[in-house]
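Listed below are the residues making up each chain.
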Amino acid sequence: MQHQSHQAATGTILVADDQASNRELMQELLSRQGFKVVTAPDGASALEQLATTQVDLVLLDVMMPHITGFAVCQKIKSNPATDLVPVVLVTALSDKQDRLEGIKAGADDFLTRPVDRTELLARVRSLLKLKFRTDELERAESVLFSLARSIEGKDPYTSGHCERLAEFSVRLGERVGLSEEQITALRRAGVVHDIGKVAVPDAILLKPGRLTEEEWTVIRQHPVVGERICAPLKSFRLVLPIIRHHHEKYDGSGYPDGLRGDAIPVAARVLQIVDVFDALTTERPYKKAFSAADALQTVREEVAKGWWDPQIFGEFEQIVRNGTTDLVVRGRKLTKAARQP
Ligand SMILES: [Fe+2]
């Protein structure tokens, strides 16, 4: 946020109130402190403002015609684009019922009318502080995502792999019954799981021929390096085990830790099946793209060898057979070839 202001007051605040006098009062008070203020006379225009302006905090009147403050709040909190924007509900009385409804709608704080100036500014400042900290985290996340995509971008053959992986592992994760937290972790891991490849030289990463044993040793480091890169981000706590263990095998023959069976985190077991399938159905320098049926057959053989979780593979097979994945679209004639894990 680079708004010109005195002291530390920065940020854009949306004031939504159907009473013009209330809006003006708040606007004056907050602008005088250096905040940028935008206003809305009703719920619909508040949501419009949120869609078009970068808002850092919302002061929302509860009693507005058409869409109430509660409903607006709920919409803000259920939209991934705005759910991290703090919402303060402004109510006429310290009505317990209103508070309960506000909490249910996801409000971050409450103010009662007549609004006390000092209290208003104190709450606004503390909520904005939190908001900016969250923004910083979000930025760190997007730096990681960009890095992951630029690594993927080096290899034209893996283009789009991260996004497909994120999307389909989420679908498989939901089918397997993972928690919402794990699903979020899977979505992130789909994008960043190979971020450790940043430490693998291009000569190895893009080598069309067979890899030597030393080259393999370098490749096998990428889950550990990836975990280290993402470790400082607290919000990636559940993503780390997926990154570290996405090359383990069910029979214990994988890397880096040689984990076996259920000791491999379930989200990693989900990701790896989708990862392998996607690699098979995509053209690579050393092989053509497999059809979905051929890819499934290959993965099935690998399950029989003891590499992947048979139960999760069963669920994945259902998804592919139901045609709920367009992974099948890119299928080409089967060409058996060695493929890089
Ligand atoms: Fe990998």
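Residues numbered from 1 in each chain as written. Predicted model: local features only at pLDDT ≥ 70, side-chain atom pairs only at ≥ 80, totals over all residues. Heavy atoms only, no water.

Novice: Break down the coordination of the iron ion for me, citing the residues and quoting the values.
Specialist: Around the iron ion, the donor atoms from the protein are Asp194 (OD), His222 (NE2), His246 (NE2) and His247 (NE2), and they sit 2.1 to 2.2 Å away. For the iron ion, the four donor atoms in the first shell make angles of 85 to 174° at the metal, a pattern classed as irregular. In terms of primary sequence, the donors binding the iron ion are separated according to D-x27-H-x23-H-H. In this pair, histidine 222 sits in helix 10 (residues 222–230) while histidine 246 sits in the loop between helix 11 (240–245) and helix 12 (266–281), placing the two residues 24 residues apart along the sequence. Owing to a relative accessible area of 1%, histidine 222 belongs among the buried residues under this scheme. (Donors = N, O, S within 2.8 Å, 3.2 Å for Na, K, Ca; no water. Tetrahedral: all angles 85-135°; square planar, octahedral: opposite > 155°, others 65-115°. Helix = DSSP H or I, 4+ residues; strand = E, 2+ residues; numbered from the N terminus. Buried < 20%, exposed > 50% of the residue type's maximum accessible area, 1.4 Å probe, protein only.)

Novice: Could you give an account of the nonpolar core, with specific residues and numbers?
Specialist: Ranked by internal contacts, the top residues of the largest apolar core, which has 47 residues, are Val192, Cys230, Phe236, Ile242, Phe277, Val299 and Phe316. Among the secondary structure elements, those contributing two or more residues to this core are helix 5 (117–154), helix 6 (161–176), helix 7 (180–192), helix 11, helix 12, helix 13 (292–304) and helix 14 (310–321). Per-element tally for this core: the top contributor is helix 12, with nine residues. In terms of nonpolar packing, the next biggest core, distinct from the first, is built from 21 residues, Val38, Met64, Val85 and Phe110 among them. (Core = buried A, V, L, I, M, F, W, Y, C linked by side-chain atoms within 4.5 Å.)

Novice: Kindly report on the packing of helix 13 against helix 14, identifying the contributing residues and their values.
Specialist: Running from N to C, helix 13 and helix 14 cross one another at 170°; their axes reach a closest spacing of 11 Å. It follows that helix 13 is roughly antiparallel to helix 14 by the angle criterion. Packed against helix 13, whose contacting residues are Ala292, Leu296, Val299, Arg300 and Val303, the element helix 14 presents Pro310, Phe313, Phe316, Glu317, Val320 and Arg321 at the interface. For the contact of helix 13 with helix 14, the residue count by class is eight nonpolar, no polar and three charged. (Axes fitted to C-alpha atoms, helices over the stretch in contact; angles between N-to-C directions. Parallel < 35°, antiparallel > 145°, perpendicular 65-115°, else oblique. Contact = heavy atoms within 4.5 Å. Nonpolar A, V, L, I, M, F, W, Y, C, P; charged D, E, K, R; others polar.)

Novice: Can you tell me about the packing of helix 12 against helix 13, naming the residues and giving the values?
Specialist: Packing of helix 12 against helix 13 brings their axes to within 9 Å, and their N-to-C directions diverge by 135°. Between helix 12 and helix 13, the interaxial angle falls into the category oblique. Both helix 12 and helix 13 take part in a crossing whose hand is right-handed. Contacts between helix 12 and helix 13 involve Val276, Phe277, Leu280 and Thr281 from the first element and Ala292, Ala295, Leu296, Thr298, Val299 and Glu302 from the second. Partitioned by chemical class, the residues of the contact of helix 12 with helix 13 number seven nonpolar, two polar and one charged. (Left-handed = near helix turned anticlockwise from the far one by under 90°.)

Novice: Quick one: what's the story with the layout of surface pockets, residue by residue and with numbers?
Specialist: One number sums up the size of the second largest pocket: a volume of about 700 Å³. Of all the elements in the fold, those that place two or more residues in the lining of the second largest pocket are helix 3 (69–78), helix 5 and helix 7. Residue contributions to the lining of the second largest pocket peak at eight residues, all from helix 5. For the lining of the second largest pocket, the class distribution of residues is ten nonpolar, eight polar and nine charged. (1 Å grid on protein atoms, 1.4 Å probe; cavity = no way out; pocket = protein on both sides within 12 Å on 5 of 7 lines; lining within 4 Å. Points joined across faces, edges and corners; volume = space filled by probe spheres on them.)

Novice: I'd like to hear about the pattern of salt bridges, residue by residue, with values.
Specialist: Within this structure, the stated rule accounts for 22 salt bridges. The partner of aspartate 278 in a salt bridge is arginine 164, and the shortest N-O contact between them spans 2.6 Å. Of this pair, aspartate 278 sits in helix 12 while arginine 164 sits in helix 6, and the two are 114 residues apart along the sequence. Accessibility assignment for this pair places aspartate 278 and arginine 164 in one class, buried. Shared partners join several salt bridges into a network, and the residues in it are Asp17, Asp61 and Arg113. (Salt bridge = Lys/Arg side-chain N within 4 Å of Asp/Glu carboxyl O.)

Novice: Describe the packing of aromatic side chains, naming the residues involved and giving the relevant values.
Specialist: Throughout the structure, instances matching the rule amount to three aromatic pairs. Geometrically, the ring pair formed by phenylalanine 145 and phenylalanine 236 is tilted, given 6.4 Å between the ring centres and 45° between the ring planes. A residue pair is termed long-range when its members are at least 10 positions apart, and phenylalanine 145 in helix 5 and phenylalanine 236 in the loop between helix 10 and helix 11 qualify at 91 residues. Take phenylalanine 236: its relative accessible area is 0%, and that puts it in the buried class. (Phe/Tyr/Trp six-rings, centres within 6.5 Å; stacked < 30°, edge-to-face > 60°.)

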